[in-house]
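Residue strings, one per chain:
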Amino acid sequence: MILRKHVTAIFLFPLLFSCGPKEQTLTNIPEVEELLKKMTLEEKIGQLNLLTPGGGVATGAVVSENVEAKIKAGQVGGLFGVAGPERVRKAQQLAVEHSRLKIPLLIGSDVIHGYKTTYPIPLGVSCSWDMDLIEQAAHMAATEATADGVMWNFSPMVDIARDPRWGRIAEGAGEDPFLGAAVARAMVKGYQGDDLSAPNTMLACVKHLALYGASQAGRDYHTVDMSKLKMFNQYLPPYQAAVDEGVASAMTSFNDIDGVPASGNKWLLTDLLRGRWGFNGLVISDYTSVNEMVEHGLGDIQAVSALALKAGLDMDMVGEGFLTTLKKSLEEGKVTEEEITQACRRVLEAKYHSGLLNDPYRYSDAQRPERDILTTENRALARKLATRSFVLLKNHDAILPIKKEVKIALVGPLADSRNNMLGTWAPTGNPDLAVTILEGFKNVAPNAVLNYAKGANISDDAEFAKKVNVFGPRIVIDERSPETMLQEAVNAAKTSDVVVAVIGEATEMSGESASRTDISIPESQKKLIRALVATGKPVALVIMSGRPLTIPEEMDLPVAILQVWHPGVEAGNAIADVVFGHYNPSGKLTATWPRNVGQIPIYHSIKNTGRPNPEGGYEKFKTNYLDVSNSPLLPFGHGLSYTAFDYSDLKLDKSEISTEESVTITVTVENVGDVAGEEVVQLYLSDVVRSITPPKRQLKGFKKILLEKGEKKEVTLTLKPEDLKFYNNQLEFVTEPGEFIVYVGTDSNATLSGSFVLK
Ligand code: BGC
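Calculation criteria
- Residues numbered from 1 in each chain as written.
- Predicted model: local features only at pLDDT ≥ 70, side-chain atom pairs only at ≥ 80, totals over all residues.
- Heavy atoms only, no water.
- Helix = DSSP H or I, 4+ residues; strand = E, 2+ residues; numbered from the N terminus.
- Rg over C-alpha atoms; globule rule 2.2 N^0.38 Å.
- Buried < 20%, exposed > 50% of the residue type's maximum accessible area, 1.4 Å probe, protein only.
- Contact = heavy atoms within 4.5 Å.
- Areas by Shrake-Rupley, 256 points an atom, 1.4 Å probe, with all protein chains shown as cover.
- Lys, Arg positive; Asp, Glu negative; His and termini not counted.
- Charge placed at Lys NZ, Arg CZ, Asp CG, Glu CD.
- 1 Å grid on protein atoms, 1.4 Å probe; cavity = no way out; pocket = protein on both sides within 12 Å on 5 of 7 lines; lining within 4 Å.
- Points joined across faces, edges and corners; volume = space filled by probe spheres on them.
- Salt bridge = Lys/Arg side-chain N within 4 Å of Asp/Glu carboxyl O.
- Core = buried A, V, L, I, M, F, W, Y, C linked by side-chain atoms within 4.5 Å.
- Near = heavy atom within 4 Å.
- Polar contact = N/O pair within 3.5 Å; in protein donor to acceptor, adjacent residues only side chain to side chain.
- Nonpolar A, V, L, I, M, F, W, Y, C, P; charged D, E, K, R; others polar.
- Pairing = 2+ DSSP bridges.
- Axes fitted to C-alpha atoms, helices over the stretch in contact; angles between N-to-C directions.
- Domains from an automatic or database assignment.
- Buried area = accessible area lost by both parts, 1.4 Å probe.

J.: Quick question: what am I supposed to make of the overall build of the chain here?
T.: Counting its secondary structure elements, the chain contains 22 helices and 28 strands. In summary, the chain has a C-alpha radius of gyration of 26 Å against a globular reference of 27 Å for 759 residues, a match within 12%. Overall, the C-alpha framework of the chain stretches about 75 × 65 × 45 Å when taken along its three principal axes. Put simply, the chain has 759 residues, and 63% of those count as buried. A separation of at least 24 residues holds for 77% of the contacts in the chain among residues at least 6 apart in sequence. When the accessible surface of the chain is split by element, carbon and sulfur atoms take 51% of a total near 27,400 Å². Across the chain, the 78 positively charged side chains and the 94 negatively charged ones have centroids separated by 0 Å.

J.: Teacher, can you tell me more about empty space enclosed by the protein here?
T.: The probe, sized like a water molecule, is rolled over the atoms to show the empty space still left. Evaluated as defined, the whole model comprises three cavities of 30 Å³ or more. In this model, the largest cavity occupies a volume close to 80 Å³. Lining the largest cavity are Met39, Glu43, Gln47, Ile71, Gly74, Val76, Ala95, Ser99, Arg100, Leu101, Ile103 and Leu105.

J.: What am I meant to see in the pattern of salt bridges here?
T.: Across all of its chains, the model carries 40 salt bridges by this definition. Across the pair Glu488 and Arg480 runs a salt bridge, and its minimum N-O distance is 3.0 Å. Among the residues examined, Arg480 registers a relative accessible area of 33% and is labelled partly exposed. Measuring nitrogen to oxygen at the nearest pair gives 3.7 Å for the salt bridge that ties Asp649 to Lys651. Overall, Lys651 belongs to the partly exposed group, its relative accessible area being 41%.

J.: Is there a simple way to think about the nonpolar core in this case?
T.: Nonpolar side chains in soluble globular proteins generally cluster together in the buried interior. Counting 173 residues, the largest nonpolar core has Leu79, Trp152, Ile284 and Phe441 as the members making the most contacts within it. The residues touching Phe441, leaving out its near neighbours within four places in the chain, are Ile408, Leu410, Pro446, Leu450, Val500, Ile575, Ala576, Val579 and Phe580. Judged by nonpolar contacts, the second largest core, of 35 residues, contains Val411, Leu541, Ile543 and Leu549.

J.: Is there a simple way to explain the site of the ligand in this structure?
T.: Around the ligand sit 13 residues, and of these Asp110, Arg168, Lys207, His208 and Asp286 come closest. The side chain of Glu512 places a nitrogen or oxygen atom 2.9 Å from an oxygen atom of the ligand. Here the ligand loses 94% of its free accessible area of 310 Å² to cover by the protein chains. Of the residues belonging to the shell around the ligand, the class tally is seven nonpolar, one polar and five charged.

J.: For this particular structure, what's the right way to read the sheet that holds strand 21 (residues 663-671)?
T.: Where strands meet in a sheet, backbone hydrogen bonds hold them as pairs that are either parallel or antiparallel. Read across the sheet, three strands follow the order 19-21-24 without closing on themselves; strand pairing throughout is antiparallel. Unpaired on one side and paired on the other, strand 19 (645-652) and strand 24 (712-719) mark the two borders of the sheet. On average, each strand axis in the sheet is inclined to that of its neighbour by 25 degrees, with strand direction left out of account. Pairing of strand 19 with strand 21, which is carried by six bridges, proceeds in the antiparallel orientation. Considered in strand 21, the bridge of Phe645 is made with Asn671.

J.: Help me understand the sheet that holds strand 5 (residues 106-109) in this model?
T.: Taken in spatial order, the eight strands make up an open sheet running 11-8-7-6-5-4-3-12, and their pairing is parallel. Only two strands of the sheet have a single neighbouring strand rather than two, namely strand 11 (282-284) and strand 12 (316-317). Sheet topology note: the strand 3 (residues 49-51)/strand 12 ladder contains two bridges and is parallel. Among the inter-strand pairings, Leu50 is bridged to a residue of strand 12, identified as Met317. Where helix 14 (residues 337-353) meets the sheet, its contacts fall on strand 5, strand 7 (203-209) and strand 11, and the angle it forms with strand 11 comes to roughly 115 degrees.

J.: Explain the domain arrangement of the chain here, please?
T.: Where interface size is given, it is often the accessible area lost as the parts come together that is meant. Taken as a whole, the chain is organised into domain 1 (107-369), domain 2 (380-590) and domain 3 (643-758). Here the C-alpha centre of domain 2 lies 33 Å away from the C-alpha centre of domain 1. With 41 residues of domain 1 at the interface, the matching set in domain 2 holds 38 residues. Approximately 3,000 Å² of surface area, both sides summed, lies buried where domain 1 meets domain 2, with 65% of it carried by carbon and sulfur atoms.

J.: Explain the pairing of strand 22 (residues 677-687) to me, please; I cannot follow it from the model alone.
T.: For a regular strand, the rule is simple: side chains alternate between the two faces of the sheet. Counting buried residues along strand 22, 11 of its 11 residues qualify, which places the element largely inside the surrounding structure. Here strand 22 shows two buried faces, one formed by Gly677, Glu679, Val681, Leu683, Leu685 and Asp687 and the other by Glu678, Val680, Gln682, Tyr684 and Ser686. Two elements, strand 22 and strand 23 (residues 698-707), share nine bridges in a ladder whose sense is antiparallel. What sits directly across from Glu679, in strand 23, is Ile705. Looking at chain direction, strand 22 and strand 27 (residues 738-745) are connected through six bridges and run antiparallel. When the bridges of strand 27 are listed, Ser686 appears paired with Ile741.

J.: What am I meant to see in the side chain of Thr592 here?
T.: As for its placement among the helices and strands, Thr592 is situated in the loop between helix 22 (571-579) and strand 19. For Thr592, a relative accessible area of 4% corresponds to the buried category. Thr592 has contacts with Glu175, Pro548, Ile602, Tyr603, His604, Pro632, Leu634 and Phe636, leaving out every residue within four places of it along the chain.

J.: What's the story with the environment of Asp359 in this structure? I'm lost.
T.: Here Asp359 is to be found in the loop between helix 14 and helix 15 (368-372). When its relative accessible area of 29% is taken as the criterion, Asp359 is described as partly exposed. Linking Asp359 and Ser197, residues 162 residues apart in sequence, is a C-alpha distance of 9.9 Å. Among the polar contacts made by the side chain of Asp359, one reaches the main-chain amide nitrogen of Tyr361 at a distance of 2.9 Å.

Encoded structure:
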């Protein structure tokens, strides 16, 4: 059982601690201390080595060499890229039966959005705003992963991203620190449960510490340069929330912070993470990120490895700089034995918490995969979560939902493209198991007449396709000419009652190392859309993507647009559920959609300048552009429904509060449409005057509710004292007296407002 205790943090910054860590895993465990006493220096250093094997032991990226021999020699602390109870058992046997101290291995994996039952990409999941469902999905992923021998998850990824050029925006919860923190907590809870050593829970790993989503120009792995104020107020809260939730491990990011890469950044890993936040778990590097500090210009492999250890990094992923240089650094007085011991202690403590020290084969039960993986219930949960992740961006003439007994032209390069359903970072998923949209339509609407046509290639650019297809065929350029394909789709449209066009990005057009400077729909598909609309038939666009896209042209068309991200293994069924109205869409955007890339970075919690331009046109000497308005194409929190909700009667229970008091806000929400629907009621707060320039408004609360047709509900939201706090110029987490304005509504442009004064 995991032992919890209240941690007394080391206050490196007196009085700066905000809402400190609630629970962290126990440290200084007798079993671990006993083991440490028996260990040689080499064995301690061996525990700091995290490898991904090839060849003999298991499948996985063939990167690390001689893994078997190293395990036997006590030179490996953990592996990733190894799965399956038998393979994991075999790997553990190498450690337990052959190494001197018989210390089992941590077995990690990137279980980013489901293990084998792949659910939508995390950006999509966040659009559900449903924390219970997110926790359930994470728990399902943990159950499947542990059934397959994996007890350590390199997730949640909680990097705030405000630049949709960055491909990894797909992997996180979007732009907002309040929502991001809530999602981080739900995921850690779902993975870790209450008992880390239970057979169906796993150690979570919050990543990428820190600020990875702010890489310059959205180019992956790029420099980050950010003020401390922005870090503390906007970018760090989700990492801290994961720590507060008791996350067992953390992974450093590739980028630098204040000139020092995260993997060697003592301020980040020791002063902030362990000191200020009270984290006492395991810190690992990202893939070769220790070695990469050589390229960053911080010295040779020995120097950067010593730097990383001294900064507070415990485990070195793949690079083996620790393994090959720490002994020498110790002999030369560049690191201390205590620093090596401390890092080793943290690796062993993680093993203790996962129950491995008691039973190395705890996660090698050959019966479990059959019982726990890809079950009917799991697939049903993936389907449900997918339907909740979809965002109805527009619905001209109520084109959606579509009646089931009609003739449908189902067109587009993603309508029957199994390889593109799972989305980025689904290495444990199997694309062959994914349900295509064509199949989903047949399942859900067996009586509909379907006229299928591909209509266009995802992109006609063969060079681009080559880059996207590194993990297999994602963009398949048809042998037929674009004109022939287009004509076929137009013919299908003309002979149908309605058109559904499934378009957008292939799976690997977003994700790691998949940044784009042009985030519009590729021209091949735009042509298709124009031609379909020109037929005069009602057109519903179903857009798949791993990021917000720039779609001003499509938004202007008389169409419906359903944004479905990359929905996972149940893609087709879930899309059919929503298209045919079995589920009324309720997703809300968690990242702002720009009009064009020139507006990036773009996010809702912007500040006023001294020369604000109220929307409505260009004004000289105001903060605006000559060529485009300041407002985004689609605001944060936006998402329509097949019904409509009316907000009224906003009330605050107090007009004046002290710093210890909460404010209770009530609002009446009524379903004024014709069908039942879910709505995410959102609360934004504006701190009118304070010592540092405030954002115009910030998300500070939300609640997802279900309203039957005609139903009216009074919804209660609470602002707690910490919701009014911010980090000031001294990085103190404070409130300042004065007026606050509360806005409640259906998106970040909510207008219904009330106010109170903090005395
Ligand atoms: C990614 C991490 C991932 C790691 C191990 C890296 O390239 O940045 O997010 O956990 O690989 O697969």
